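Topology and contacts: notes
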Amino acid sequence: MEWTVSTLLTPFAGFYGSGMWLRRRLARPVGYAVPIVSVGNLVVGGSGKTPFVIALGERYASRRVWVVSRGYGRRSRGLVEVSRPGEILCDVAASGDEAMEMARALPGAGVIVSEDRGAGIERALKRGAELILLDDGFNRVEIEKFEILLEPERLPNRRVFPAGPFREFPSTASLADLRLKEGREYRRVVRCDGATERMVLVSSIARPERLEPWLPPGVVGRYFLPDHAWFDAGELRELLARHDARSLLVTQKDAVKLEGFQLPLSRLRLQLVIRSDVLERVDQYVKEFHAA
């Protein structure tokens, strides 16, 4: 059935992909005074962009690093400064879950969300940025940047939206400076903090089934919402009672939306192990940018 629907939608995918191709052909990217490293993907859904940005932010902690993101799922509009070095400036409703996760993980950096990434970059420059990490930036064709493209391990097909998961024609990947495949150039390492004997897995991330290989013993129920969705405290308390659970098992992305709920949490903490030659390529770009 899924394959049939995908086939029926293929003509629409052709129109959509062609529109995105034309957008790239007409673009005139703008350069900036500092190196910009974009971490993006070509497919809808999670491929590790947020932890990859965090890993780069940690690597360049000695520089004035600013992260610019759209702020998916937030309840605000326009440009919002989520954090400056050493200070969180807004709540998760204004920032969105991923931006707040990055702000918490990178206390020495600044984080800005804005639909207009160019405006976000300009604000970061005013704040003294020496290096900008552009979250989910591959399709920001108007910005000159070093392109890191992340590819998930498995895909249902190689068709363009709405027939498949691709935001643009798969051949567009050749435009990236680095194409990295999960499981080859980078891999996930997950640990669980505060595990209990009975936990309900609660998540609003894309493709939550990805969590299954890292679940600890003691998961007695699952509760999934769409990516970036907001939780209701009453519903979560009812889940705990229904499953006679001692805690909710959540990712860091979801945990930032639960901070005020006063519910027992067990946390899945994700880190990426990135091949050294990949990081050296990014180092080379940053070094050569300043030497130019």
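We now turn to the structure provided with this report. (Residues numbered from 1 in each chain as written. Predicted model: local features only at pLDDT ≥ 70, side-chain atom pairs only at ≥ 80, totals over all residues. Heavy atoms only, no water.)

1. A short note on the side chain of Ser247
By the secondary structure assignment, Ser247 is in strand β12 (residues 247-251). Using a relative accessible area of 2% as the deciding quantity, one classes Ser247 as buried. At 2.8 Å, the side chain of Ser247 forms a polar contact with the side chain of Thr196. Apart from the residues within four sequence positions on either side, Ser247 is in contact with Thr196, Arg198, Met199, Val200, Leu240, Pro264, Leu265 and Ser266. (Helix = DSSP H or I, 4+ residues; strand = E, 2+ residues; numbered from the N terminus. Buried < 20%, exposed > 50% of the residue type's maximum accessible area, 1.4 Å probe, protein only. Polar contact = N/O pair within 3.5 Å; in protein donor to acceptor, adjacent residues only side chain to side chain. Contact = heavy atoms within 4.5 Å.)

2. Some thoughts on the nonpolar core
Of all hydrophobic cores here, the largest spans 39 residues; its most connected members are Val37, Phe52, Leu56 and Ile148. Residue contacts for Phe52: discarding those within four places in its chain leaves Val39, Ile148, Leu150, Leu180, Tyr186, Leu272, Ile274 and Val278. (Core = buried A, V, L, I, M, F, W, Y, C linked by side-chain atoms within 4.5 Å.)

3. Brief notes about the sheet that holds strand β5 (residues 110-113)
Taken together, the eight strands give an open sheet; going across it, the order is β4-β3-β5-β2-β6-β1-β7-β8, and neighbouring strands pair in mixed fashion. Among the strands making up the open sheet, the edge pair consists of β4 (87-88) and β8 (178-181). With four bridges connecting them, strand β2 (residues 65-69) and β5 associate as parallel partners. Of the residues in β5, the one forming a bridge with Val67 is Val111. Contacting β1 (36-41), β2, β3 (80-84), β5 and β6 (131-135), helix α5 (residues 117-126) crosses the sheet at an angle of about 160 degrees to β2. (Pairing = 2+ DSSP bridges. Axes fitted to C-alpha atoms, helices over the stretch in contact; angles between N-to-C directions.)

4. Here's the deal with unusual backbone geometry
Positive phi values are uncommon outside glycine, yet Arg207 reaches one of about 50 degrees. A positive phi angle, close to 50 degrees, is found at Asp244, a residue other than glycine. With respect to the helices, strands and loops of the structure, Asp244 is situated in the loop between α6 (233-242) and β12.

5. Re the pairing of β1
Side chains on a regular strand alternate between the two faces of the sheet. A large share of β1 lies buried, amounting to six of its six residues. Pairing analysis gives five bridges linking β1 to strand β7 (residues 146-151), with the strands arranged parallel. Residue pairing in the sheet places Val37 in a bridge with Phe146 of β7.

6. Comments concerning the pattern of salt bridges
Applying the stated criterion across every chain, the model contains 22 salt bridges. Where Lys257 meets Asp97, a salt bridge forms, and the shortest distance between an N and an O atom there is 3.1 Å. Placement of Lys257 in the loop between α7 (252-255) and β13 (265-274) and of Asp97 in helix α4 (residues 97-105) is noted, with a sequence separation of 160 residues between them. A single burial state applies to Lys257 and to Asp97, both of which are buried. Salt-bridge contacts for Glu259 lead to Arg104; the nearest nitrogen and oxygen are separated by 3.0 Å. Of this pair, Glu259 sits in the loop between α7 and β13 while Arg104 sits in helix α4; the two residues are 155 residues apart in sequence, bridging distant segments of the chain. (Salt bridge = Lys/Arg side-chain N within 4 Å of Asp/Glu carboxyl O.)

7. Considering helix α2 (residues 49-59)
In terms of burial, α2 is largely enclosed, as nine of its 11 residues are buried. Taken as a whole, α2 has its buried residues at Lys49, Thr50, Pro51, Phe52, Val53, Ile54, Ala55, Leu56 and Gly57.

8. Regarding the pairing of β5
Neither face of β5 is exposed, since Gly110 and Ile112 on one face and Val111 and Val113 on the opposite face are all buried. With three bridges connecting them, β3 and β5 associate as antiparallel partners. Paired with Val80 across the bridge in β5 is Val113.

9. Remarks on the packing of α2 against α4
Helix packing geometry: the angle between the two helix axes and the distance between the axes. α4 packs onto α2 with a crossing angle of 25 degrees between their chain directions and a minimal axis gap of 10 Å. One element, α2, and the other, α4, form an angle in the roughly parallel class. α4 is crossed by α2, and the crossing has right-handed handedness. Along its contact with α2, which presents Thr50, Val53, Ile54 and Glu58, the element α4 presents Glu98, Glu101, Met102 and Ala105. A per-class count over the contact of α2 with α4 returns four nonpolar, one polar and three charged. (Parallel < 35°, antiparallel > 145°, perpendicular 65-115°, else oblique. Left-handed = near helix turned anticlockwise from the far one by under 90°. Nonpolar A, V, L, I, M, F, W, Y, C, P; charged D, E, K, R; others polar.)

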